[in-house]
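Per-entry structural report
For reference, the chains in residue letters:
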Amino acid sequence: QVQLVESGGGLVQPGGSLRLSCAASGSIFSIDTMGWYRQAPGKQRELVATITSVGSTNYADSVKGRFTISRDNAKNTVYLQMSSLKPEERAVYYCNARLKQSWSSRFDYYWGQGTQVTVSS
């Protein structure tokens, strides 16, 4: 069983910073791409940032220069450092991983439970 456990969400003031973490556990053979997505109430889930197993990154235009995605392969963990947060970025942030389980011949996508990020004064 694969599980993605997120942490780090909470309340932050506009312009503030927050660091999210997501650790993958289970019978994992290899993790390809990991990423962060967010979803505000009544809106579609959108991509925030992704990072490959070798460290190549991709960011939504709206967060470039303010957010940094990173990972620790030894810990099967992905991070999202968020700076200069804006009120409109209040959302549930979800962790995603494309990984291959030890017993499987294919890669599949998995989601975390989501963590609430509230940007408010």
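All values derive from a computational prediction rather than experimental measurement.

Each value, and the rule that gives it
- Residues numbered from 1 in each chain as written.
- Predicted model: local features only at pLDDT ≥ 70, side-chain atom pairs only at ≥ 80, totals over all residues.
- Heavy atoms only, no water.
- Pairing = 2+ DSSP bridges.
- Helix = DSSP H or I, 4+ residues; strand = E, 2+ residues; numbered from the N terminus.
- Axes fitted to C-alpha atoms, helices over the stretch in contact; angles between N-to-C directions.
- 1 Å grid on protein atoms, 1.4 Å probe; cavity = no way out; pocket = protein on both sides within 12 Å on 5 of 7 lines; lining within 4 Å.
- Points joined across faces, edges and corners; volume = space filled by probe spheres on them.
- Nonpolar A, V, L, I, M, F, W, Y, C, P; charged D, E, K, R; others polar.
- Buried < 20%, exposed > 50% of the residue type's maximum accessible area, 1.4 Å probe, protein only.

**Describing the sheet that holds strand β1 (residues 3-7)**
- The four strands lie next to each other as β1-β3-β8-β7, forming an open sheet whose pairing is antiparallel. Of all the strands in the sheet, the pair left with one neighbour each is β1 and β7 (67-72). On average, each strand axis in the sheet is tilted by 15° relative to the strand beside it, whichever way the strands run.
- Here β7 runs beside strand β8 (residues 77-82); their pairing, made up of six bridges, is antiparallel. Its bridge partner being in β8, T68 is matched across the sheet by Q81.

**Looking at the layout of surface pockets**
- Roughly 170 Å³ of volume is contained in the largest pocket.
- What lines the largest pocket is a set of 13 residues, and nearest its centre among them are R38, K43, E46, E88 and E89.
- Looking at the lining of the largest pocket, its residues break down into two nonpolar, three polar and eight charged.

**Some points on the pairing of strand β11 (residues 115-119)**
- In terms of residue burial, β11 counts as a mostly covered element, since four of its five residues are buried.
- Sheet topology note: the strand β2 (residues 10-12)/β11 ladder contains three bridges and is parallel. Within β11, the residue paired with L11 across the bridge is T118.

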